Amino acid sequence: MKFFVDTAEIADIKSLAASGLLDGVTTNPSLIAKSGRQFKEVIKEICDIVPGPVSAEVASTDFENMMAEAKVLRPIAKNVTIKVPLTPDGLRACRALTDDGAMVNVTLCFSPAQALLAAKAGATFVSPFVGRLDDIGYDGMKLIADIVQIYKNYPFKTEVLVASVRHPIHVVEAAKIGAHVATLPPPVLRSLFNHPLTEKGLANFVADWKKTGQSII
Ligand code: G3P
């Protein structure tokens, strides 16, 4: 499973990239607004830190302006991935952009039918939002299972990029299902490391080693 981080905060991206576990970055207009940064500048900075796919979402909702915005975003870096909403105009742009060699992440996916359309439009990634479905009492992880099952029946190249992740269980369950990618808020990614028995066990190892009075270097 590939791990992307879902943020536009440079400090978080730098520290997580240093872990060697980061395969890409996703942003969206809300995350860009939260960062307070100029969009094109922060995308360039992120692309310089992380060599994997970096999602930069168009702001327009009509095909013509989506294409115009993508024309501005693509030259920022070779790993820029154009993010478009799962709408008729968004999928029309997806098809045109992927036919032209761009990577495209189709976002705001909430149903298997939508995910089928995204694959037919040649999307590089489709982003089903599990957390937002859970938030309103639907089973977000069932959507992931349905999409993975559908995609396995056809030679689609679209990767399932699990988004709107709220906690480690979303990550584990998505991995069990076989989703290709999970994009995680920085706190969720960091929480994957945590287990009280690891902390306790390491503390005991350190204490017992100290008793030996030895040093390795
Ligand atoms: O960036 C796409 C997705 O991960 C957003 O998730 O937390 O706003 O539901 P969230």
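A. Quick peek at the site of the ligand. Around the ligand, the surrounding shell consists of Asp6, Asn28, Lys83, Phe129, Arg132, Ala163, Ser164 and Arg166. Separating an oxygen atom of the ligand from a side-chain N or O atom of Asn28 is a distance of 2.8 Å. One of the side-chain nitrogen or oxygen atoms of Arg166 is found 3.0 Å away from an oxygen atom of the ligand. In isolation the ligand exposes 310 Å². Once the protein is present, 83% of that is buried.

B. Region of the structure containing the nonpolar core. Grouped together as the largest cluster of nonpolar side chains are 59 residues, with contacts concentrated most on Val106 and Val162. Top contributing element to this core by residue count: helix α8 (residues 140-152), with six residues. When residues no more than four places from it in sequence are discounted, the contact partners of Val162 are Pro128, Val130, Ile144, Ala174, Ala179, Val181, Ala182 and Thr183.

C. Structural detail: the pattern of salt bridges. Inspection of the entire model under this criterion finds 10 salt bridges. Among the ionic pairs, Asp100 bridges to Arg74, the shortest N-O distance being 2.6 Å. Of this pair, Asp100 sits in the loop between α5 (88-99) and β5 (103-109) while Arg74 is found in the loop between α4 (63-73) and β4 (80-85), placing the two residues 26 residues apart along the sequence. Of the charged contacts, one joins Lys176 and Glu173 as a salt bridge, the two residues approaching to 3.5 Å between their closest N and O atoms. Of the two residues, Lys176 and Glu173 both sit in helix α9 (residues 168-177), three residues apart, roughly one turn of that helix. By relative accessible area, which is 65% here, Lys176 ends up exposed.

D. Just the packing of helix α1 (residues 10-17) against helix α3 (residues 39-49), in detail. Look at α1 against α3: their axes get within 10 Å of each other, and the N-to-C directions meet at 10°. One finds that α1 runs roughly parallel with respect to α3. In contact with Ile10, Ile13, Lys14 and Ala17 of α1, α3 contributes Val42, Glu45, Ile46 and Ile49. Its residues assigned to classes, the contact of α1 with α3 shows six nonpolar, no polar and two charged.

E. Inspection of the sheet that holds strand β2 (residues 24-26) at higher detail. A barrel is described by the order of its strands in space; here eight strands give the closed sequence β1-β2-β3-β4-β5-β6-β7-β8, paired in parallel fashion. Each strand of the sheet is rotated relative to its neighbour by a mean of 30°, with strand direction disregarded. Note that β4 and β5 share five bridges and pair parallel. Of the residues in β5, the one forming a bridge with Ile82 is Val104.

Quick notes on the rules
- Residues numbered from 1 in each chain as written.
- Predicted model: local features only at pLDDT ≥ 70, side-chain atom pairs only at ≥ 80, totals over all residues.
- Heavy atoms only, no water.
- Near = heavy atom within 4 Å.
- Polar contact = N/O pair within 3.5 Å; in protein donor to acceptor, adjacent residues only side chain to side chain.
- Areas by Shrake-Rupley, 256 points an atom, 1.4 Å probe, with all protein chains shown as cover.
- Core = buried A, V, L, I, M, F, W, Y, C linked by side-chain atoms within 4.5 Å.
- Buried < 20%, exposed > 50% of the residue type's maximum accessible area, 1.4 Å probe, protein only.
- Helix = DSSP H or I, 4+ residues; strand = E, 2+ residues; numbered from the N terminus.
- Contact = heavy atoms within 4.5 Å.
- Salt bridge = Lys/Arg side-chain N within 4 Å of Asp/Glu carboxyl O.
- Axes fitted to C-alpha atoms, helices over the stretch in contact; angles between N-to-C directions.
- Parallel < 35°, antiparallel > 145°, perpendicular 65-115°, else oblique.
- Nonpolar A, V, L, I, M, F, W, Y, C, P; charged D, E, K, R; others polar.
- Pairing = 2+ DSSP bridges.

Shape descriptors only; they carry no functional weight alone.
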